[in-house]
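As a plain string of letters, each chain reads:
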Amino acid sequence: MHTSPDALASRLRRLPPSCGPVRLIGVDGHAGSGKTTFAGRLAEALGGALVLHLDDIATHEELFAWTERLLRDVVEPLTRGERARYRAYDWQARRFGPVRALPPAPVVLVEGVGAGRRALRPFLACLLWMESGPEEAWARGRQRDGAEQSDFWEGWVVAERRHFAEDPSRPFADLLVRGFSEGFEVLKGPAGTAGPDQIVTHGDGSSPVC
């Protein structure tokens, strides 16, 4: 049974704030698993919620070593109810661009590989994991990015394997999200009481959250 974005959004709105006045929602998963697409649909269902893409935080030199910068520039201001400011990384120019502002909105989505990392989890109201195997996700990512990015992907796969071996996210996910061509399905995650493989839905297709 598929879950409507509106049903999921409704439940996320009712969660208590987790980062100052903000309900910070993490969307994690392997590269190529559909995080950006899903986060975009969820943000729309949330009435235009803000999305922080971790691709804007990471760099060629710091594929995963961006925790301190994220906490300093984004998380800490939000915990104080202040507007966060950060520079988005330009992957073509290989440098940071102009400052972007991120206000302390009621719901902010953090999307990207590592969104559920250990240092960020205390500030998350809910962690969602895109339920796709790494090889399948990476194949989609390679196809998406084309042959010109093949060298980057070779290094990325090694770095991602190392990251999740040292700091896994899935065991701490409140919800698992399985994407389909016509929608998505939400399951209770390993951090919930129903277990990672049990589909938990209501008759209207909605799913309990966190």
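Quick note: structure is the one above.
Rules used in this analysis
- Residues numbered from 1 in each chain as written.
- Predicted model: local features only at pLDDT ≥ 70, side-chain atom pairs only at ≥ 80, totals over all residues.
- Heavy atoms only, no water.
- Helix = DSSP H or I, 4+ residues; strand = E, 2+ residues; numbered from the N terminus.
- Buried < 20%, exposed > 50% of the residue type's maximum accessible area, 1.4 Å probe, protein only.
- Contact = heavy atoms within 4.5 Å.
- Areas by Shrake-Rupley, 256 points an atom, 1.4 Å probe, with all protein chains shown as cover.
- Polar contact = N/O pair within 3.5 Å; in protein donor to acceptor, adjacent residues only side chain to side chain.
- Phe/Tyr/Trp six-rings, centres within 6.5 Å; stacked < 30°, edge-to-face > 60°.
- Lys NZ or Arg CZ within 6 Å of the ring centre and 35° of its normal.
- Core = buried A, V, L, I, M, F, W, Y, C linked by side-chain atoms within 4.5 Å.
- Pairing = 2+ DSSP bridges.
- Axes fitted to C-alpha atoms, helices over the stretch in contact; angles between N-to-C directions.
- Salt bridge = Lys/Arg side-chain N within 4 Å of Asp/Glu carboxyl O.
- Arc of directions from axis to C-beta.

Trainee: Please clarify how the overall build of the chain should be interpreted in this entry.
Mentor: Within the chain one finds five helices and eight strands. Element order for the chain, N to C, with α for helix and β for strand: α-β-α-β-α-β-β-β-β-α-α-β-β. The 210 residues of the chain split such that 50% are buried. When contacts within the chain are restricted to residue pairs at least 6 apart in sequence, those whose partners lie at least 24 apart make up 67%. Accessible area for the chain stands at about 10000 Å²; split by element, carbon and sulfur atoms hold 50% of it.

Trainee: How should the side chain of Ser18 be read in this particular structure?
Mentor: Among the secondary structure elements, Ser18 is positioned in the loop between α1 (5-13) and β1 (23-28). At 3.2 Å, the side chain of Ser18 and the backbone nitrogen of Leu24 are in polar contact. Looking at Ser18, its side chain comes within polar contact range of the main-chain nitrogen of Ala125, at 3.0 Å. If near-sequence neighbours (up to four positions away) are discounted, Ser18 is found in contact with Arg23, Leu24, Pro122, Phe123, Leu124 and Ala125.

Trainee: Hey, could you run me through the packing of aromatic side chains in this one?
Mentor: For any pair of aromatic rings, geometry is given as the distance between the ring centres together with the angle between the planes. On inspection of all chains with the given rule, the structure shows five aromatic pairs. An angle of 70° between the planes, with centres 5.4 Å apart, marks the rings of Tyr89 and Phe96 as edge-to-face. Owing to a relative accessible area of 6%, Tyr89 belongs among the buried residues under this scheme. When the centroid spacing of 5.4 Å and the interplanar angle of 75° are considered together, the rings of Trp129 and Phe164 count as edge-to-face. Taken together, the residues span a long stretch of sequence, with Trp129 in strand β6 (residues 126-130) and Phe164 in helix α5 (residues 150-166) at a distance of 35 residues. With respect to class, Trp129 is no different from Phe164; both count as buried. A cation over a ring is seen here: Arg117 above Trp66, with NZ or CZ 3.9 Å from the ring centre. Its end group placed over the ring of Phe172, Arg121 keeps NZ or CZ at 3.7 Å from the ring centre.

Trainee: Can you walk me through the nonpolar core in this structure?
Mentor: Soluble globular proteins: nonpolar side chains tend toward being buried together. In this structure, Leu24, Leu70, Val74 and Trp156 are the most contacted members of the largest nonpolar core, which totals 37 residues. Those elements that place two or more of their residues in this core are α3 (67-79), β3 (84-90), β5 (107-111), β6 and α5. Sort the elements by how many residues they give to this core and α5 lands first, with five residues. For Val74, the contacting residues outside a window of four places in its chain are Leu52, Arg69, Ala84, Tyr86 and Leu102.

Trainee: So what exactly am I meant to see when it comes to the sheet that holds β5 here?
Mentor: Backbone hydrogen bonds hold the strands of a sheet together, and the pairing may be parallel or antiparallel. What the six strands build is an open sheet, ordered β2-β5-β1-β6-β7-β8; its pairing is mixed. At either end of the open sheet lies a strand with only one pairing partner, and these are β2 (50-53) and β8 (183-188). Ignoring which end each strand starts from, the neighbouring axes of this sheet average 25° apart. Strand direction decides the pairing type here: β1 and β5, joined by five bridges, are parallel. By the bridge assignment for β5, Val27 is matched with Glu111.

Trainee: What's the story with the pattern of salt bridges in this structure? I'm lost.
Mentor: As a working rule, side chains carrying opposite charge can pair if their charged atoms are close by. Inspection of every chain in the model, using the stated rule, returns nine salt bridges. In this structure, the salt-bridge partner of Arg94 is Glu61, at a minimum N-O distance of 3.7 Å. Separated by 33 residues along the polypeptide, Arg94 in the loop between β3 and β4 (95-102) and Glu61 in the loop between β2 and α3 bring together distant segments of the chain. Overall, the relative accessible area of 61% leaves Glu61 in the exposed class. Several salt bridges converge on common partners, so that one network encompasses Arg118, Arg121 and Asp167.

Trainee: Just checking my understanding: could you explain helix α2 (residues 35-45) for this structure?
Mentor: An α-helix turns once per 3.6 residues; consequently, residues spaced three or four apart project the same way. Where α2 is concerned, the buried positions are Lys35, Phe38, Ala39, Leu42, Ala43 and Ala45. Along the axis of α2, the buried positions cluster into a sector of 155°, meaning they face one direction only. Those residues of α2 that are exposed and aimed more than 90 degrees away from the buried face are Thr37 and Glu44. Of the residues trailing α2, Gly47 is marked for its positive phi of about 80°.

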